[in-house]
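# Geometric and topological summary
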Amino acid sequence: MKKILVTGGAGFIGSAVIRHIIKNTSDSVINVDKLTYAGNLESLIEVDSCERYAFEQVDICNRSELDRVFSDHKPDAVMHLAAESHVDRSITGPAAFIETNIIGTYTLLEATREYWNTLEQSAKTEFRFHHISTDEVYGDLPHPDDVEASAEPLANEKLPMFLETTSYEPSSPYSASKAASDHLVRAWLRTYSLPTIVTNCSNNYGPYHFPEKLIPLIILNALEGKNLPIYGKGDQIRDWLFVEDHARALYKVVTEGKVGETYNIGGHNEKKNLEVVNTICEILDTLVPKESAYAGQIRYVQDRPGHDRRYAIDSSKMQRELDWMPEETFETGLRKTVQWYLDNSTWCKNVQDGSYQRERLGLEATDSKGNE
Ligand SMILES: NC(=O)c1ccc[n+]([C@@H]2O[C@H](COP(=O)([O-])OP(=O)(O)OC[C@H]3O[C@@H](n4cnc5c(N)ncnc54)[C@H](O)[C@@H]3O)[C@@H](O)[C@H]2O)c1
């Protein structure tokens, strides 16, 4: 029975991790979250009455508050997920990404190190600092369409994938800030012997995903009869992983992973963005049929600057060393996700119009832009 301090536990993946731990293990969780626009305590409603769950509204950049949380709760492990995570936002406003992802990770490492130094030797050895990162730190990979057009075409199966040893080449302010945080975590192991582990994961999808990201945005826009925006030609390839498979993988890593190791986590689901959008439209055509097909709402918009062409994760180390494999295929996971958004319109409405934030802050009704 461990006490695990989870940062960013009110976010998309953090809340899935907490639901997994509370429902499937006897461990306790301390959720440390600042509750930015992306943090939503309604995502924890299934578990928040459990006595093994505690919430601390704390900014990971606030050292004295972190020290208090460590001293009050005395965790056996940290799973660090708190971050600014949306690439588009990092392009229009990188400052928050530098602040939370780099300074916040540094502050959390220092608070953890000071607390860890007070532990008895056996607790010190057992302690884990698990940093949750992204495959975007590796940059992008050759795209099959480009390879086909080149002088020496490669067979699709020979296209390279990200390995744990792939060198870092981040493209966006988001991925650069995550890369910096990964380096800090590894340096704290090498310099101070803090027992750290890093995981780098591909794109997640599933329930409770904030509707600015591709899959929930497309589902909700489609249902509301709005345009379905696709960047460029929609040929960017991502490797999609169902969030609950990721949560299982993360718990395996924090409990069974080896200190100092990096583990890549992926879904074995390389899909072009356009293919993802078309599949969502087909699922909606069967679940919520209307006169015209949902795909008719697709509109192509100007590509994101510096947009990576392809990501693909080789997660064979997770399979080999920790006996982890994703349970959902893309088709089963996507169908579950679409059904979840259909069944949880109140969560979607509260997130879209900001009313969950207003309730939290005790404010009067305002529209999504914050106007009365
Ligand atoms: N979503 C993906 O597809 C994906 C893939 C691979 C890795 N990751 C990584 O996983 C982690 C979680 O991603 P997510 O999609 O759940 O993100 P998210 O944006 O949904 O949630 C982030 C959470 O962190 C909290 N937070 C932000 N700044 C904070 C601060 N200064 N102090 C305390 N809390 C703060 C937010 O309130 C929110 O609850 C991130 O580190 C991200 O880089 C995400």
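Here the structure is shown first, and the text comes after it.
Below you will find a few notes about this structure. This one's a predicted model, so the numbers in the text were calculated from it and none came from an experiment.

## Details of helix α4 (residues 95-116)
Since the α-helix turns once every 3.6 residues, residues separated by three or four places project in the same direction. Compared with an ideal rise of 1.5 Å per residue, which puts 22 residues at 32 Å, α4 spans 30 Å between its outermost C-alpha atoms and is within 8% of the ideal. At Gly104, α4 shows its maximal kink, close to 30 degrees.

## What to know about the state of the cysteines
What the rule picks out here adds up to 0 disulfides. Cysteine Cys348 is unpaired, with the sulfur of Cys281 as its nearest cysteine sulfur at 17 Å. We classify Cys348 as buried; its relative accessible area is 3%.

## Side note on the nonpolar core
Ranked by size, the top nonpolar core spans 31 residues in total, and within it Ile4, Ile18, Met79, Ile265 and Met318 carry the most contacts. Broken down by secondary-structure element, the contributors of at least two residues to this core are β1 (3-7), α1 (12-24), β4 (77-80), β6 (196-201), α9 (243-256), β11 (262-265) and α11 (316-322). Considering every element that reaches this core, the biggest residue donor is α9, with 7 residues.

## Remarks on the site of the ligand
Surveying the vicinity of the ligand reveals 28 residues, the closest of which are Ile13, Asp33, Ser85, Tyr174 and Lys178. A distance of 2.7 Å separates an oxygen atom of the ligand from a polar backbone atom of Ile13. Interatomic distance of 3.0 Å between a backbone N/O atom of Lys34 and a nitrogen atom of the ligand. Notes on the ligand: free accessible area 840 Å², of which the protein chains cover 96%.

## Describing the packing of aromatic side chains
Inspection of every chain in the model, using the stated rule, returns 17 aromatic pairs. When the ring of Tyr341 is compared with that of Trp347, the centres are 6.4 Å apart and the planes differ by 75 degrees; the resulting orientation is edge-to-face. The buried category is assigned to Tyr341, whose relative accessible area is 2%. Residue Trp347 is classed as buried on the basis of its relative accessible area of 7%. Aromatic rings pair up to connect Tyr138, Phe162, Tyr168 and Tyr311 into one cluster. One cation-aromatic arrangement involves Lys124 over Trp116; the distance from NZ or CZ to the ring centre is 4.6 Å. Stacked on the ring of Tyr263, the Lys or Arg Lys317 has its end atom at 4.9 Å from the ring centre.

## A look at unusual backbone geometry
Its identity as a non-glycine residue notwithstanding, Lys74 has a phi of 50 degrees, on the positive side. Its place among the elements puts Lys74 in the loop between α2 (63-73) and β4. One non-glycine residue, Ser193, lies in the positive phi region at around 65 degrees. In this fold, Ser193 is placed in the loop between α7 (173-192) and β6.

## Overview of α1
Along its 13 residues, α1 runs 18 Å from first to last C-alpha, staying within 8% of the 18 Å computed at 1.5 Å per residue. Extensive coverage of α1 is indicated by the burial of 10 of its 13 residues. Those residues of α1 not exposed but buried are Phe12, Gly14, Ser15, Ala16, Val17, Ile18, Arg19, His20, Ile21 and Ile22. Of the surrounding secondary structure, the elements contacted by the buried residues of α1 are β1, β2 (28-32), β3 (53-56), β4, β7 (204-205) and α9.

## A few points about the layout of surface pockets
The space that makes up the second largest pocket amounts to roughly 160 Å³. Together, Phe210, Pro211, Leu217, Leu220, Asn221, Glu224, Lys226, Val351 and Gln352 line the second largest pocket. Elements represented by at least two residues in the lining of the second largest pocket include exactly α8 (214-223) and α13 (345-352). Here the lining of the second largest pocket takes 3 residues from α8, the largest share from any one element. The residue inventory of the lining of the second largest pocket, partitioned by class, reads 5 nonpolar, 2 polar and 2 charged.

## Quick look at the environment of Glu84
Of note, Glu84 is situated in the loop between β4 and α3 (87-92). Since its relative accessible area comes to 11%, Glu84 is described here as buried. Discounting chain neighbours no more than four positions away, the residues touching Glu84 are Thr36, Tyr37, Ala96, Phe97, Thr100, Asn101 and Tyr174.

## So, the side chain of Asn350
Mapped onto the elements of the fold, Asn350 is located in helix α13. Here Asn350 falls in the buried class, since its relative accessible area comes to 11%. Among the polar contacts listed, one links the side chain of Asn350 to the side chain of Glu42, at a separation of 3.3 Å.

## A word on the sheet that holds β11
Read from one edge to the other, the open sheet built from 7 strands follows the order β3-β2-β1-β4-β5-β6-β11, with strand pairing classed as parallel. Strands with a single pairing partner mark the edges of an open sheet, and in this sheet they are β3 and β11. Across the sheet, the axes of successive neighbouring strands diverge by a mean angle of 20 degrees, strand direction being ignored. Across 6 bridges, strand β5 (residues 128-134) lies against β6 in parallel orientation.

## Examining the pattern of salt bridges
Within the structure shown, the criterion is met by 23 salt bridges. Where Glu65 meets Arg68, a salt bridge forms, and the shortest distance between an N and an O atom there is 3.0 Å. One end of the pair, Glu65, and the other, Arg68, are both in helix α2, 3 residues apart, so they sit about a helical turn from each other. For Glu65, a relative accessible area of 27% gives the class partly exposed. By relative accessible area, which is 29% here, Arg68 ends up partly exposed.

Rules of the game
Residues numbered from 1 in each chain as written. Predicted model: local features only at pLDDT ≥ 70, side-chain atom pairs only at ≥ 80, totals over all residues. Heavy atoms only, no water. Helix = DSSP H or I, 4+ residues; strand = E, 2+ residues; numbered from the N terminus. Expected span 1.5 Å × (residues − 1). Bend = angle between axes of the 7 residues up to and from the residue. Disulfide = S-S within 2.5 Å. Buried < 20%, exposed > 50% of the residue type's maximum accessible area, 1.4 Å probe, protein only. Core = buried A, V, L, I, M, F, W, Y, C linked by side-chain atoms within 4.5 Å. Near = heavy atom within 4 Å. Polar contact = N/O pair within 3.5 Å; in protein donor to acceptor, adjacent residues only side chain to side chain. Areas by Shrake-Rupley, 256 points an atom, 1.4 Å probe, with all protein chains shown as cover. Phe/Tyr/Trp six-rings, centres within 6.5 Å; stacked < 30°, edge-to-face > 60°. Lys NZ or Arg CZ within 6 Å of the ring centre and 35° of its normal. Contact = heavy atoms within 4.5 Å. 1 Å grid on protein atoms, 1.4 Å probe; cavity = no way out; pocket = protein on both sides within 12 Å on 5 of 7 lines; lining within 4 Å. Points joined across faces, edges and corners; volume = space filled by probe spheres on them. Nonpolar A, V, L, I, M, F, W, Y, C, P; charged D, E, K, R; others polar. Pairing = 2+ DSSP bridges. Axes fitted to C-alpha atoms, helices over the stretch in contact; angles between N-to-C directions. Salt bridge = Lys/Arg side-chain N within 4 Å of Asp/Glu carboxyl O.

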